Amino acid sequence: MTMRTRGERRYELVVMAVAVLAVVFRSIQWHTGPPDLNVVAIIALLLVPVAVRTQITISRGQTELTLGAAAAVLFAADVERQASILPIWAVLVAASYLVFHRDETAGQFRAAIQVLGGAVLLRVAEITDVGYPPFDRVFAGLAAYFLVISALEIVRSIFAAPTHDGHTLRLRWTWTFIVGLAVFYIGCVFAALRRVEAGIPLPVMPSFVVAMLGLTAVVVGLTMRNVELNRSVTALSGAAVAMPWRREQIDESLSTWGAQGLRVEKVVVSDDPGSGWDLSVPLTDGRYVVAERTSGDLPFTQVERHVLEALANMADTARREAAQIEGLQDRANTDGLTGLSTYTYFREILAEVSRSRRPGESIAIVFIDLDGFKEINDRYGHIAGDAAIQELAQRLIAHTGGARSVTRYGGDEFAVLVRDVRDYAELTVECDRLTRLIAEPVLVGRSTLRLRASIGSALSSSADDNLEALVRAADQQMYQRKRAVHAGDSEVTSRIDEAVRHAITSGSLWTAYQPIINLQIDEVRGLEALVRCTDPQMGSIPPPVIVESAIRLNLLDDMTLLVLDQAVASMLACREHVPELAVFSINLELEQMLVWSPLMQRLADCRAVHGLTVVVEISEGSIGEWSDANAEVARRLQDAGAQIAIDDFGSGFAGLGSLYLPRVDIVKLDRSLLTDLADPRQTLVVTRATSLLNELGFWVVAEGITRPDEVPVLRDAGATHVQGYLYGMAEDLATTLQRFRQHGLKPLVDTSTV
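Report on the accompanying structure. Computed from a prediction, not measured in an experiment: that's the story for all the values here. (Residues numbered from 1 in each chain as written. Predicted model: local features only at pLDDT ≥ 70, side-chain atom pairs only at ≥ 80, totals over all residues. Heavy atoms only, no water.)

The next point concerns the sheet that holds strand β8 (residues 363-371). Pairing is antiparallel across the open sheet formed by four strands, whose spatial order is β9-β10-β8-β13. Edge positions in the open sheet fall to β9 (406-408) and β13 (452-460), since each of these has one partner strand only. Here the average twist between neighbouring strands, direction ignored, is 20°. Taken together, the seven bridges between β8 and strand β10 (residues 413-419) define a ladder with antiparallel strand orientation. What sits directly across from D369, in β10, is E413. (Pairing = 2+ DSSP bridges. Helix = DSSP H or I, 4+ residues; strand = E, 2+ residues; numbered from the N terminus. Axes fitted to C-alpha atoms, helices over the stretch in contact; angles between N-to-C directions.)

Now the structure itself:
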C-alpha cells in the first residue's frame, strides 16, 4: 500500500464528510415520497456493482483517477420530477467499493468522490435545458461529474507524497475521452428508456444524430480493433516464420517483433520489470520483456498481453533450441576425453585459417604420435592411459593457447596448428619444445609415466597450399621418422643421411642455445650449444638421429666444428649485450677425444683467442670406455682453460664408477633423478649424491628443471647450477640475443626467493 501524508488523510475525511452531507440532503427530498423505482431504474441500480468492479484507471502517478460507468445509472431517474435515487445509488457505490476494492488505500475516498460527482451530476442535469432533452442534460451532467472527480483527485494529489519521477497526477487524455464517450452513450440509453417508459416523447433529430454518432463511434472502434488484431497477427506470423531466431539476435528480434505487434513506444529486454504502467512479461533467463507507452496513451489490453507473452515464449524457445544446438555442436566438435577439437572440426578450422591467413604468412602442422602407448595401457590399464592422454592434451592447450589449435587425430595421435612460423629453423625449435613438453613425467595415481613421441612437421608458405594436404604431409613425415628411428628403415635412413650431409657441407646446420643458471648469484652463467637440423622435406630431425647420421657419414668432427664456430660467434654476439658471459658448453662423443685433432685445437683456442671458456660434455653412456688417451686429451684441454663435464649422470649407465675418472670438473645430474622431489626418498638421494659430488670437488648442475618448487630443494641439497625450460628452452640466436637485450643475465623466472 502507498503511504499517505497527514494532509492527504485529513483531506479525504473532509471529502467523505461532504459526500455524506450530500446524500443526507438528497434524502430530505424524500418527504414528498420515495423515488419512483421503475423497471429501468431497478435494472440500472443492479448494474452499479458491476460498474464499480470494472472501474477503469485513466491517470498515471501516485494518485490514480478512476472512473467508470456507474454515473450513467443516475439517468434512470426522472430528473424532471426531482425524483432522486442518489441515496440508494450512493449506498450501492459505497458497498460495492467495500466489497471489490477493500484492499485499496483510497477505496473509501473514491467512493466518496463518486457520490459527490453523482450529486453534482444530478443538480447540473436538473438545471440544464437547451432544447435537446435528454441529451443536453446527459452531456452537461456527465461533464460536471468528470470535472468534479478530476478536481477532487487533483486536489488530493497536492497533499500526496511526490512520486519518484516528480509527477503526482498525469491524465491519460485519450483513454479519458473514450471512457467519457462510452459513459455518455450509456447515460443517453438510460435517460431515453426512462422517458419512453414515462410516455415522454424523444426529439427526433437529436435522437437520430446521437444514434448515428454512436454507431459511427462503434464502427470506428471495431475498425481500430481490427487494425490492432491484424497488426498482432502479422507480427506473430512473421516471428513464427523467422524461427528459429539466431542466438545473438534473440533480444533484437524480440524487440523488433514486439514493436510491430503492439502499438508502443518501444519494447526492450531488461533486468527490471518496468513500472506499473508498462506491460511486462518474464523470460526464463530471469529477465523481462517490457513494452512501454507514453503518458496519456491507451492502457494495454489482454490481447496485447497475450501477444507479448507469445513473443516471449518464442524467444525462450529460440534461446533453448540455440543452447541445445550449441551443445550438440560442442559435442560434435570436441573430443570427449581431452576437450580438444575433433579432426572434423579441425578441418573447418584449417579452412577458416586458410581463408584468413595474411599474405606471406607461413603456417605449419606438427603431427604427434605417441610411441609405445599400447605398453602403457597394457601395464597400467586404460584408465591410467586415458589420464595420461588428458594430461598431455592440457599441456598442448596451455602451450598453444587454446583447444582450437590442437586436434586429437586418433587414439594416441595429435595434430598441432602453428601460425606465424618464419622458416624451418623456427619450426624445428617448436618441434623441440613439443618433444620436451611430451617427455615431462606424468603422475597417474602413484605411478610416474614417461611418454615418448615421434613428431613430423610440414610448413606452408603459400596461401594457395591446401592445409589438409599439409596435415597429411606432416603425418607422412612422422611415420617416416618413426620407421627410421624404431625400425631402421634403410630408405628413410638414407634420406636422413643425405639431409644431414647437405646440412653439414652447406653450413645450413644450426645451433640452439639453452641457458645455465648459477643459483648462488641467480644469473645466467653460460649457454649450452645444441645441434639442430631441419630438412625441407623431412622437417626437424631429432638431435640423436643427427649425431648417429654424422657418425655413419664420418662427418662427426665436421659437424662439431660447425657447431663450435657458430657457438663462438654467437657467444661473441651475446657478449656485446652481456660482457660477463664467457662460458658455453658443447657435446662431444668420447671417440672424438682419442687424439689431438684439429677439433681439439680449436676447442683449446677458445680461451686464448676469444677469451671464452668451453665446457666439453661427455655422455655418461659412453664414459665407461674412458681410456688413458682420453685422459691425456682432457688434460691438454684443461691446460688450455677448457672444462670437462659428465652429462646425464644417474641415467643408469656408468653410475658412481665414473666419478673415479681423472680430469672431470662438472657433473650434470640427469632429469631422471629429479622427477618427484616431493618424495622424501628421492630428495634424500639427490641431497646425498650432491653432497658427495661437492666433497669430491665437482660442480653440480641439475638438468631438466621444470617447476619452481624444485629449485629450493636443489639449492638446499648443494647444487650450484641448474638448467631446464623453467629458465628457458633451447632457442635460436635471434631469440637468445633478444633475451639478453631485454633481461641481461637475469633469469626469466625469479627463483632467488623461492
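Here we take up helix α23 (residues 733-743). Among the residues of α23, those classed as buried are T736, L737, R739 and F740. Burial along α23 is one-sided: seen end-on, the buried residues are contained in an arc of 155°. Its buried side turned inward, α23 meets β14 (510-518), β15 (523-535) and α18 (556-575). Among the residues trailing α23, G744 stands out with phi positive, at a value near 65°. (Buried < 20%, exposed > 50% of the residue type's maximum accessible area, 1.4 Å probe, protein only. Arc of directions from axis to C-beta. Contact = heavy atoms within 4.5 Å.)

For the rest of this paragraph, the subject is the packing of aromatic side chains. Using the criterion set out here, one finds five aromatic pairs in the structure. A centroid spacing of 5.7 Å and a plane angle of 80° characterise the contact between Y145 and F146, whose relative ring orientation is edge-to-face. For the pair shown, Y145 and F146 are each scored as buried. A centroid spacing of 6.3 Å and a plane angle of 35° characterise the contact between Y343 and F346, whose relative ring orientation is tilted. Of this pair, Y343 and F346 both sit in helix α11 (residues 343-356), separated by three residues, roughly a single helical turn. (Phe/Tyr/Trp six-rings, centres within 6.5 Å; stacked < 30°, edge-to-face > 60°.)

Soluble globular proteins: nonpolar side chains tend toward being buried together. Grouped together as the largest cluster of nonpolar side chains are 81 residues, with contacts concentrated most on L509, M593, L603 and L637. Among the elements that take part in this core, α18 stands out by supplying 10 residues, more than any other. Residues in contact with L637, not counting those within four places in the same chain, are M593, W596, M600, L603, A604, V616, A642 and I644. Of all hydrophobic cores here, the second largest spans 49 residues; its members include A51, A71, L86 and V183. (Core = buried A, V, L, I, M, F, W, Y, C linked by side-chain atoms within 4.5 Å.)

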